[in-house]
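In case you want the letters, here they are:
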Amino acid sequence: MTATARDLVHDAVTAGVLAASDALGWGDPARAAAVEIERPAEKAHGDYAANIAMRLAKPLRRPPLEIAKAIAERVPVRDGIASVDAAPPGFINVRLDPAWLARQVEVIVSEGDRFGRNDALNGRRFQVEFVSANPTGPVTVANARGGPIGDVLANVLAFSGADVQREYYINDAGTQLDVFGRSVAVRYLELGGKTGLVIPDDGYPADYVVDLARALRDKVGGAFDDQTPEELAPQFARAALDTVIEWHKATMRKFRIAFDSFYRETALMESGYFMKTIEALREAGHIEERDGAVWLKSRELGEDIDSVLIRSTGVPTYFGVDVAYHREALVDRGLDRKIDVWGANTHGHARRMKTAMTALGLEGRWVVVLYQFVRFLHEGVLVNMARRRGQFIRLDDVIDTVGVDAARWFFLMASADRTLDFDLELAVQQSNDNPVYYVQYAHARIASIFRTAAERGLRSEGADVALLTDDAELDLVRLLLRFPELVEEVRDKHNVHLFTGYGLELAGAFHGFYKGNRVVGDDEARSKARLRLVEAVALTLRQTLGLLGVSAPESM
RNA sequence: GCCCCCGUAGCUCAGUGGAUAGAGCGCAGGCCUCCGAAGCCUGAAGCAGCGGUUCGAGUCCGCUCGGGGGUACCA
């Protein structure tokens with residue numbers, strides 16, 4: 001893997017700091033200071049900038065500009081660096097060598113679909129667990145946001161060398177299943193002609209439950225018509241669950257998400273792993289039995305209250321089972337790290353989980369990415385979603401109306417920290433000018449340029465990229481070189497939405513370039529060079545869209 | 001009450017403690033004898049408020065106001 005341009009600058013500036021420190025006797029403060037490299041917003045300030053001089057001003061008791069000058073004149077000017085200057089109030093501005101930039105076009109094209117990858121996570125096993133929608137109903141837009149976020153995160157980790165497993169956790173146990181089963185049974189009996197039955201207040205009156213009941217009746221007929229909803233609940237819950245899980249799988253396929261495993265909560269009970277985990281916690285001294293229940297002594301680990309793992313009825317809590325689930329993944333399945341993508345409503349749960357991981361000595365190996373909710377608007381008015389009553393927007397419907405690309409893009413364009421507003425009517429109306437098409441159009445346009453070139457017998461192979469000397473050309477290269485840096489940032493910070501912003505920026509830069517610069521023209525050598533350049537742009541757009549799970553069309 | 005996330009242009013959203021805060025949609029205007037006008041160019045328009053830290057704050061801290069979520073022997 002090639003070092004990023006940022007790494008190159010970082011190393012050079014660090015060498016300059018050390019050289020200046022040795023020459024001027026600055027000592028430890030200078031040697032220990034971390035060199036931060038950023039990209040100036042203003043082009044006049046060069047390609048990269050370091051603020052180290054301003055950070056050293058106080059400890060060294062010298063004017064920042066003086067420090068900057070001392071460092072700047074000692075930064076080795078080689079390996080792609082053209083110049084290093086000090087600028088008020090104390091920035092060190094680094095400019096890349098145009099000839100080196102031009103050569104990167106050839107490097108990028110030769111890397112092909114390896115461009116942007118890194119090996120930071122080589123040999124490490126990751127699991128990303130996401131969506132994991134409740135199996136008592138279809139996947140709604142509420143669960144949907146975790147899909148693209150988790151999927152793209154998994155893509156980026158794999159892009160960084162990790163062995164990544166995408167997992168879907170199925171909560172196929174608990175009291176809600178009982179209630180669900182009873183609701184299905186009521187509908188089943190009603191379809192058989194029985195009257196006077198009621199769906200309980202905490203039940204599921206939604207229409208899809210009728211669909212489930214009808215499917216059951218199609219399969220078994222009236223064989224259970226003489227039983228009560230209570231008697232039928234357990235087996236009906238199980239049967240309906242299997243159907244709903246198939247719905248979920250189909251929805252995920254439609255959303256272009258390929259899970260490696262679907263893990264059932266009940267497996268932890270059946271295997272005895274749940275009790276094994278309780279014993280592990282007990283041995284570590286974190287368990288207390290009180291009022292007939294088994295508690296995790298969270299307070300001793302900094303929480304306000306303790307948490308119940310097993311109720312006084314002997315039934316494990318959701319939290320307790322989830323702790324076992326996490327331990328099983330990290331300890332028994334040999335994963336180095338588990339990343340959960342959860343909705344904001346679980347933040348209390350996430351906090352308790354963190355405590356439990358600490359109790360098990362697994363802290364640091366589990367990370368949660370919380371995403372804020374999607375608010376639903378109907379004709380501009382806020383709508384409360386209620387799954388049980390069937391008042392919700394199905395993810396399937398959204399995908400069917402706006403398309404997978406636009407749907408994924410929508411969920412990926414905003415930071416996970418931010419509440420998203422979603423208006424289906426607006427989404428439909430805007431699907432034709434969705435920003436995703438702006439990016440895809442850039443890719444299709446380049447494909448079209450290649451078709452034109454082919455008609456004229458022009459190929460990009462053998463191009464002399466040294467002919468790329470214009471600012472317009474080199475600015476594109478600068479933007480391409482940001483891609484590997486972005487991959488590293490997303491890998492470390494999990495802020496996957498940055499890829500949509502990058503895609504828009506690169507597409508915009510290309511569209512502007514295209515307008516002002518002819519690629520296939522009269523000058524054959526220059527045409528070949530520019531063809532090579534836009535080939536690198538198309539490749540980078542493909543890499544970006546590929547990570548986002550969005551298609552990169554040749555024409556549209 | 002306490003805890004978490006958010007408040008940036010009319011709307012939907014970007015923005016790593018840096019040097020003149022961006023995009024899409026919408027709005028006003030301009031650009032196709034020339035590789036795709038799903039495009040390009042120009043313009044109007046913005047950091048909720050108050051204090052603090054810092055050489056430097058949309059970004060960090062505190063408070064106020066506003067929105068969302070949590071706070072169970074629910075999941």
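Residues numbered from 1 in each chain as written. Chains lettered and ligands numbered in written order. Predicted model: local features only at pLDDT ≥ 70, side-chain atom pairs only at ≥ 80, totals over all residues. Heavy atoms only, no water.

Trainee: For this particular structure, what's the right way to read the packing of helix 18 (residues 435-455) against helix 20 (residues 498-516)?
Mentor: A pair of packed helices can be characterised by two numbers: the angle between their axes and the separation between those axes. With their axes 9 Å apart at the nearest point, helix 18 and helix 20 run at an angle of 45 degrees to one another. By the angle between their axes, helix 18 is oblique relative to helix 20. Of the two elements, helix 18 crosses helix 20, and the hand of that crossing is left-handed. Note on element contacts: helix 20 touches helix 18 through Gly 503, Leu 504, Ala 507, Gly 508, Phe 510, His 511 and Tyr 514, opposite Pro 435, Tyr 438, Val 439, Tyr 441, Ala 442, Arg 445, Ile 446 and Ile 449. (Axes fitted to C-alpha atoms, helices over the stretch in contact; angles between N-to-C directions. Helix = DSSP H or I, 4+ residues; strand = E, 2+ residues; numbered from the N terminus. Parallel < 35°, antiparallel > 145°, perpendicular 65-115°, else oblique. Left-handed = near helix turned anticlockwise from the far one by under 90°. Contact = heavy atoms within 4.5 Å.)

Trainee: I tried to follow the layout of surface pockets on my own but got confused; where do I start?
Mentor: Empty space left among the atoms is revealed by rolling a probe the size of a water molecule over them. Of the volumes computed, that of the largest pocket is approximately 1,200 Å³. Lining the largest pocket are 44 residues, and of these Asn 134, Asn 143, Asn 171, Asn 345 and Thr 346 lie nearest its centre. Listing elements by their share of the lining of the largest pocket, those giving two or more residues are helix 6 (141-144), helix 8 (175-191), helix 11 (265-270), helix 13 (318-332), strand 11 (337-343), strand 13 (374-378) and strand 14 (381-383). Partitioned by chemical class, the residues of the lining of the largest pocket number 22 nonpolar, 15 polar and seven charged. In this structure, the lining of the largest pocket is formed jointly by two domains, domain 2 (125-170 + 257-371) and domain 3 (175-254), each of which donates at least three residues. (1 Å grid on protein atoms, 1.4 Å probe; cavity = no way out; pocket = protein on both sides within 12 Å on 5 of 7 lines; lining within 4 Å. Points joined across faces, edges and corners; volume = space filled by probe spheres on them. Nonpolar A, V, L, I, M, F, W, Y, C, P; charged D, E, K, R; others polar. Domains from an automatic or database assignment.)

Trainee: Is there a simple way to explain the sheet that holds strand 2 (residues 48-50) in this structure?
Mentor: Sheets are built from strands paired through backbone hydrogen bonds, the pairs being either parallel or antiparallel. Pairing within the open sheet is antiparallel, and its four strands lie in the order 1-2-4-3. Every other strand in the sheet has two partners, leaving strand 1 (37-38) and strand 3 (81-87) as the edge strands with one partner each. Examined bridge by bridge, strand 1 and strand 2 share two bridges and lie antiparallel to one another. Looking at the pairing, Glu 38 lines up with Ala 49 of strand 2. Its contacts with the sheet put helix 4 (residues 64-72) on strand 3 and strand 4 (91-96), and the angle it makes with strand 3 is roughly 160 degrees. (Pairing = 2+ DSSP bridges.)

Trainee: I would appreciate a short explanation of unusual backbone geometry in the present structure.
Mentor: The bulk of non-glycine residues show a negative phi, and the bulk of peptide bonds are trans. For the bond from Pro 88 to Pro 89, the omega torsion is 0 degrees, close enough to zero to count as cis. You can see Pro 89 is positioned in the loop between strand 3 and strand 4. Phi is positive for Arg 61, close to 55 degrees, though the residue is something other than glycine. Within the secondary structure, Arg 61 sits in the loop between helix 3 (52-60) and helix 4. Located in the positive-phi region is Asp 291, a residue other than glycine, with phi close to 55 degrees. Mapped onto the secondary structure, Asp 291 falls in the loop between strand 8 (287-290) and strand 9 (293-296). Among the residues examined, Asp 291 registers a relative accessible area of 67% and is labelled exposed. (Buried < 20%, exposed > 50% of the residue type's maximum accessible area, 1.4 Å probe, protein only.)

Trainee: Honestly, the domain arrangement of chain A in this entry has me stumped. Any pointers?
Mentor: One frequent convention defines the size of an interface as the accessible area lost when the parts assemble. What the domain assignment lists for chain A is domain 1 (5-96), domain 2 (125-170 + 257-371), domain 3 (175-254) and domain 4 (434-548). Relative placement of domain 2 and domain 4: their C-alpha centres are 42 Å apart. Facing eleven residues of domain 2, the contacting portion of domain 4 comprises eleven residues. Both faces considered, domain 2 and domain 4 share a buried interface measuring about 970 Å² in area, 80% of it formed by carbon and sulfur atoms. When residues of domain 2 are sorted by the area they lose upon contact with domain 4, Val 152, Val 156 and Phe 159 head the list and together hold 50% of the total. At the junction of domain 2 with domain 4, the criterion picks out zero salt bridges. On inspection of domain 2 and its partner domain 4, the count reaches one residue pair in polar contact (both at pLDDT 80 or more). Contributing elements (two or more residues each) for the side of domain 2 that touches domain 4: helix 7 (146-159) and strand 12 (366-371). (Buried area = accessible area lost by both parts, 1.4 Å probe. Salt bridge = Lys/Arg side-chain N within 4 Å of Asp/Glu carboxyl O. Polar contact = N/O pair within 3.5 Å; in protein donor to acceptor, adjacent residues only side chain to side chain.)

Trainee: I'm lost on the side chain of Glu 473 in this one. Help?
Mentor: The residue Glu 473 is located in helix 19 (residues 471-493) in this model. Reaching out from Glu 473, the side chain makes a polar contact with the side chain of Arg 530 at a distance of 2.7 Å.

Trainee: Could you clarify how one ought to interpret helix 15 (residues 395-402) in this entry?
Mentor: Here helix 15 has its buried residues at Leu 395, Asp 396, Val 398, Ile 399 and Val 402. Down the axis of helix 15, the sector holding all buried residues measures 165 degrees, keeping them to one side. In the segment just after helix 15, Gly 403 is the residue with positive phi, at about 90 degrees. (Arc of directions from axis to C-beta.)

Trainee: Just checking my understanding: could you explain the protein's contact with RNA strand B for this structure?
Mentor: Close to RNA strand B lie 62 residues, the nearest being Arg 311, His 347, Ser 415, Asp 417 and Ser 448. Side-chain polar atom of Asn 51 to a base nitrogen of RNA strand B: 3.0 Å apart, as the coordinates give it. In the model, a phosphate oxygen of RNA strand B is placed 2.5 Å from a nitrogen or oxygen of the Tyr 438 side chain. Where the surface near RNA strand B is concerned, the elements lending two or more residues are helix 3, strand 4, helix 8, strand 9, helix 14 (347-359), strand 15 (420-423), helix 18 and helix 20. (Near = heavy atom within 4 Å.)

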